[in-house]
Amino acid sequence: MKTGLFTAAYQRLANNRPAERELACLRIQFPAILLPIQAGDLLAGRIEYPPVGFSPEPGGLGYYCQDGQSEFWRHESTAAKTRAACPAWVNEVLPSDEWTTTSGMAFPLYRMGGTQLDYGKLLRLGVPGLRAEIESRKAATTDHQARELYTAMSGALDLLADCCQHYARQSPELAPVLAKLTTRPPVTLQEAMQLMWLYALLSGTWNYGRMDVYLGPFLCRDLDTGVLTEAEARALIEALWKLMKAYDNQFNNRVIIGGRGRPDEAVADRFAFLALDATRTLRLNQPQLTLRFYEGQNPELMERALTILGEGVTFPLLYNDDVNIPAVRRAFNVSESEAEQYLPYGCGEYILNHRSVGSPNGVVNLLKCLEVALHNGVDPVTGKQVGPRTGDPAGFRSFHDVWRAYTTQLERCITALARQERVEYEVTGATAPFLFLSMLYDDCLETGRGIFDGGVRYLGGTLETYGNTNTADSLLAIRELVFERGEVTLPELIAACDSDFRDDPDLRRQLVAAPKYGNDDPAADDMARRVHEHVCRFTRDQAEKVGLHSYLVVIINNWANTLFGRTTAASADGRHAGQPMANANNPSPGMDRQGTTAFLNSLVQLDPSLHAGAVQNMKFSRSQFAQHRPQTSALLDVYFASGGAQAMITVVNRADLEAALREPEKWGHLMVRVGGFSARFIDLPPDVQQEILARTLNE
């Protein structure tokens with residue numbers, strides 16, 4: 001795509017209605033950015049986003065510019081408009097620098113992540129049926145804005161048909177499939193997959209919902225009528241997996257199978273088993289196949305999942321509906337039937353299938369907030385005053401003073417991030433209706449409004465938190481060593497952290513020896529709960545203040561624990577300066593000393609009904625899975641029965657990881673779970689490799 005044409009189209013229609021402008025820009029963008037069909041592709045649909053364009057996720061937040069060279073887009077991109085629209089006090093709290101390289105407590109993100117479309121409706125109606133509904137609603141309303149939206153939606157469906165024809169001209173084999181999609185609803189599995197996939201590409205979404213529900217009926221019809229053999233059906237699923245891998249966003253590309261709320265489980269399960277087999281065969285890091293399960297579901301799904309995980313595949317991810325559905329119902333304040341439609345997406349956040357938005361548009365480093373609180377608002381890494389003056393620690397007379405200073409710094413960040421989230425929605429909603437998203441999101445067609453402009457049923461937000469475990473362990477060490485046992489003064493402890501313990505290694509040994517979360521230790525788990533409940537509840541309480549249906553913490557991880565660790569000084573839990581922080585809800589590397597049962601007992605202490613998703617990474621040895629499978633299964637059963645919400649399991653030997661460090665050229669097949677995503681171990685940055693190596697291998 002020629003970005004100049006895109007910019008010219010935007011400029012020409014700058015003062016026109018947002019729906020008309022978006023459609024014109026999409027017509028420049030598509031099919032120009034669709035890549036050719038490759039040899040062996042059983043489905044059409046590859047894409048490469050340009051440096052300037054329109055998208056909710058791949059580019060980010062609507063109209064985007066990634067190269068930073070355009071003076072026009074430097075001010076006109078949706079992210080720039082959001083920044084300009086934020087109150088001055090918000091921009092003062094939240095730096096505009098790139099959060100992955102800059103020291104700080106909190107940062108805004110500019111994206112609309114995690115949208116989940118109603119693919120079932122798309123496949124049921126097809127392009128003609130969806131168009132008929134749009135035209136019917138247009139004829140029934142006198143609302144001028146709604147009529148313009150419906151007109152643009154109809155034009156977007158024309159664009160989808162143009163893209164089908166674009167690919168039909170490239171492939172005589174796929175041409176019959178693509179041609180049928182423009183004239184009737186899909187009938188075969190291949191037709192359904194093709195329509196779903198092309199629509200997803202044009203919408204800019206990166207997650208694909210309950211695929212066994214909406215593709216299962218097509219699969220069963222084809223198998224039962226002899227249109228496809230099981231091997232041919234599996235080949236089609238593998239072809240879709242390969243296209244998702246080519247789309248290449250390791251933090252997203254979620255596919256959900258299993259769980260409560262499926263209308264025909266037997267039909268859905270037939271697709272689910274083939275999806276598991278395709279993942280087992282290909283051993284890719286995308287899509288992120290996710291198995292929801294509950295007591296009473298077909299047990300063979302879990303057995304197949306554990307077998308695959310035991311072979312070193314990092315999927316499927318496991319989500320316990322018996323815990324998550326009640327938790328989602330309380331966290332999102334929705335009915336149980338709506339909670340049954342929760343979907344994990346991205347790195348582990350939750351959303352309600354095609355009826356809620358909850359994009360994570362902010363990140364906060366809890367450990368940095370504590371660090372700044374212990375320096376009266378100054379970041380010791382940069383020497384800059386970045387937070388309010390919460391008092392000279394030399395004057396703190398009780399642990400309450402430390403807690404008050406920490407929570408003051410953190411709450412200021414959360415308040416700013418909540419307001420920024422609301423402004424982001426306001427600007428985005430006024431900028432574009434996101435035609436392809438809105439056509440397949442509940443209530444948008446009914447109200448005649450774009451998804452972020454009053455159309456979506458539940459407009460929510462999420463806040464990524466990092467350093468939770470290190471913060472809890474640090475606070476407990478401060479309370480015990482300084483205020484309860486008097487073994488060190490608070491200024492002495494702070495000075496030791498500032499020097500990275502160079503002058504006081506004995507103190508570091510004391511800090512490391514202090515109780516740590518992950519050992520079923522009452523004091524450590526109590527502090528972890530206190531930190532967890534404070535940040536979750538304060539964040540949740542911001543929703544009503546800024547006008548969102550929900551605003552919830554997500555305790556996920558990509559590799560931000562490592563990135564944030566680089567710009568965080570040594571901490572009172574004994575962690576060295578620049579070292580990674582604990583991964584999501586997990587204990588700090590090497591600090592869970594009491595075995596697997598104690599580790600799992602600590603994990604279930606944190607209330608899942610206060611947040612919108614948390615990551616539980618677990619690493620097991622191959623010998624444990626291969627030689628002690630019944631015991632491993634029983635261990636996981638107890639964990640889930642005790643309240644375990646989720647598990648992301650990696651089965652690997654430490655020796656394999658060490659060998660991959662020595663001879664990476666021989667270990668390209670070795671996949672590991674980093675946090676909210678999987679990757680080839682040899683592709684990760686060195687400090688991320690070391691952080692993964694340091695995580696406990698449960699023998």
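Everything that follows concerns the structure shown earlier in this document.
Residues numbered from 1 in each chain as written. Predicted model: local features only at pLDDT ≥ 70, side-chain atom pairs only at ≥ 80, totals over all residues. Heavy atoms only, no water.

Quick notes on the packing of aromatic side chains
Right, so step 1: The full count for this structure, using the stated rule, is 24 aromatic pairs.
Right, so step 2: Summarising the aromatic geometry, the rings of Tyr 119 and Tyr 214 are spaced 5.3 Å apart at their centres and angled 40° between planes, so their arrangement reads as tilted. Note that Tyr 119 is positioned in helix 6 (residues 119–140) and Tyr 214 in helix 10 (residues 211–225), a separation of 95 residues in sequence. Each of the two residues, Tyr 119 as well as Tyr 214, counts as buried.
Right, so step 3: Among the aromatic residues, those joined into a ring-pair cluster are Phe 6, Tyr 10, Phe 54, Tyr 63, Phe 72, Trp 73, Tyr 425, Phe 434 and Phe 452.
Right, so step 4: Sitting over the face of the ring of Phe 218, Arg 221 holds its NZ or CZ atom 5.3 Å from the ring centroid.
Right, so step 5: Sitting over the ring of Trp 403, Arg 530 keeps its end group 4.1 Å from the ring centre. (Phe/Tyr/Trp six-rings, centres within 6.5 Å; stacked < 30°, edge-to-face > 60°. Helix = DSSP H or I, 4+ residues; strand = E, 2+ residues; numbered from the N terminus. Buried < 20%, exposed > 50% of the residue type's maximum accessible area, 1.4 Å probe, protein only. Lys NZ or Arg CZ within 6 Å of the ring centre and 35° of its normal.)

Describing the nonpolar core
For soluble globular proteins, nonpolar side chains are generally found buried alongside one another.
Right, so step 1: Counting residues in hydrophobic clusters, the biggest one holds 218 residues, and the most contacted among them are Tyr 208 and Met 211.
Right, so step 2: Ranked by the residues each element gives to this core, the list is headed by helix 17 (residues 399–431), at 14 residues.
Right, so step 3: With residues near it in sequence (within four places) discarded, Met 211 still touches Met 196, Gly 216, Leu 240, Trp 241, Met 244, Val 255, Ile 256 and Phe 271.
Right, so step 4: Core analysis: the next-biggest nonpolar cluster, separate from the first, contains 15 residues, Ala 659, Ala 660, Trp 667 and Ile 692 among them. (Core = buried A, V, L, I, M, F, W, Y, C linked by side-chain atoms within 4.5 Å. Contact = heavy atoms within 4.5 Å.)

Thoughts on the packing of helix 11 (residues 230–247) against helix 12 (residues 265–282)
The relative placement of two packed helices is expressed as an angle between their axes plus a distance between the axes.
Right, so step 1: Where helix 11 meets helix 12, the closest approach of the two axes is 9 Å, and the angle between their N-to-C directions is 60°. The angle between the axes of helix 11 and helix 12 places the two elements in the oblique class. Here the hand of the crossing between helix 11 and helix 12 comes out right-handed. Along its contact with helix 11, which presents Glu 230, Ala 233, Arg 234, Ile 237, Glu 238, Trp 241 and Lys 242, the element helix 12 presents Phe 271, Leu 274, Ala 275, Asp 277, Ala 278, Thr 279, Thr 281 and Leu 282.
Right, so step 2: Split by residue class, the contact of helix 11 with helix 12 holds eight nonpolar, two polar and five charged. (Axes fitted to C-alpha atoms, helices over the stretch in contact; angles between N-to-C directions. Parallel < 35°, antiparallel > 145°, perpendicular 65-115°, else oblique. Left-handed = near helix turned anticlockwise from the far one by under 90°. Nonpolar A, V, L, I, M, F, W, Y, C, P; charged D, E, K, R; others polar.)

Observations regarding the sheet that holds strand 20 (residues 646–651)
Right, so step 1: Pairing is mixed across the open sheet formed by six strands, whose spatial order is 6-7-8-9-20-19. With one partner strand each, in any of the chains shown, strand 6 (207–210) and strand 19 (617–620) form the two edges of the open sheet. Taken pair by pair, the neighbouring strands of this sheet meet at an average axis angle of 25°, ignoring direction. (Pairing = 2+ DSSP bridges.)

Section: the pairing of strand 17 (residues 550–555)
Right, so step 1: Burial analysis of strand 17 places six of its six residues in the buried class, the great majority of the element.
Right, so step 2: Residues Ser 550, Leu 552 and Val 554 point to one face of strand 17 and Tyr 551, Val 553 and Ile 555 to the other, with burial holding for every one of them.
Right, so step 3: Pairing of strand 16 (residues 458–466) with strand 17, which is carried by five bridges, proceeds in the parallel orientation. Among the inter-strand pairings, Gly 461 is bridged to a residue of strand 17, identified as Tyr 551.
Right, so step 4: Examined bridge by bridge, strand 17 and strand 18 (residues 611–614) share two bridges and lie parallel to one another. For Val 553, the partnering residue across the bridge sits in strand 18 and is His 611.

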